[in-house]
Amino acid sequence: MNQLITIHPDIQSGTPVFFNTRVPVKNLFDYVKGGHTVAEFIDDFPSVRFEQALAVLDMAEST
């Protein structure tokens, strides 16, 4: 998980973000919940790699 998500008090006040970005993971879930595709999310947040987004979704699904 440490290569997918970062939680640090100095980055977005401790909100879980995608590794090496400042993009909150919650944004991905909001996009998917809103009917958007992962590709649309990546278009809007290009600092997140497509593989990262898929891995986070897979991790959430298996939890």
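Above this note sits the structure.
All figures in this text were calculated on a predicted structure; none of them were measured in a lab.

Novice: Residues and numbers for helix H1 (residues 25-33), please.
Specialist: Each full turn of the α-helix corresponds to 3.6 residues, which orients residues three or four apart in the same direction. Turning to H1, its buried residues number three or more, namely Val25, Leu28 and Tyr31. When H1 is viewed along its axis, its buried side chains cluster within an angular range of 120° and face the same direction. What points out from H1, more than 90 degrees from its buried face, is the exposed set Lys26 and Lys33. Where H1 is buried, its residues meet strand E1 (5-6), strand E2 (17-18), helix H2 (38-44) and helix H3 (50-62). Positive backbone phi, approximately 90°, marks Gly35, located one or two places after H1.

Novice: I'd like to hear about the nonpolar core, residue by residue, with values.
Specialist: Residues Phe18, Leu28, Phe41, Ile42, Val48, Ala53 and Val56 are the most contacted members of the largest nonpolar core, which totals 13 residues. For this core, the secondary structure elements donating two or more residues are H1, H2 and H3. Sequence-distant contacts of Val48, defined by excluding residues within four places in its chain, comprise Phe18, Thr21, Val23, Phe41, Ile42 and Ala53.

Novice: Any chance you could break down the packing of aromatic side chains for me, citing the residues and the numbers?
Specialist: Evaluated as defined, the whole model comprises four aromatic pairs. Measuring from ring centre to ring centre gives 5.9 Å for Phe18 and Phe41, while their planes differ by 45°; the resulting arrangement is tilted. A residue pair is termed long-range when its members are at least 10 positions apart, and Phe18 in strand E2 and Phe41 in helix H2 qualify at 23 residues. For Phe41, a relative accessible area of 0% gives the class buried. Their ring planes at 75° and their centres at 5.8 Å tell us that Tyr31 and Phe45 sit as a pair that is edge-to-face. With Tyr31 in helix H1 and Phe45 in the loop between H2 and H3, this residue pair connects regions lying 14 residues apart in the sequence. Judged by relative accessible area, Phe45 falls into the partly exposed class, the value being 21%. Ring-pair connections join several aromatic residues into one group, and the members of that group are Phe18, Tyr31, Phe41 and Phe45.

Cut-offs used in this document
Sequence order as written defines residue numbering, which begins from 1 separately in each chain. Only residues with pLDDT of 70 or above have their local features reported here, since the model is predicted, and side-chain atom pairs are shown and tallied only from 80 upward, although totals for entire chains, interfaces and linings are computed over all residues. Values reported for side chains reflect all heavy atoms of the structure, with hydrogen atoms and water molecules removed beforehand. Note on exposure labels: buried denotes an accessible area under 20% of the residue type's maximum, exposed denotes more than 50%, and partly exposed covers the range between, all computed with a 1.4 Å probe on protein chains only. Helix and strand assignments follow DSSP, with helices taken as H or I runs no shorter than four residues and strands as E runs no shorter than two, numbered in order from the N terminus. It is the directions from the helix axis to the C-beta atoms that the arc portrays. Two residues form a contact once any of their heavy atoms are found within 4.5 Å. We call a set of buried residues a nonpolar core when its members are Ala, Val, Leu, Ile, Met, Phe, Trp, Tyr or Cys and they connect through side-chain atoms within 4.5 Å of each other. Ring pairs shown here join Phe, Tyr and Trp side chains whose ring centres sit within 6.5 Å, with only the six-membered ring taken for Trp; geometry is labelled stacked below 30 degrees between planes, edge-to-face above 60, and tilted in between.

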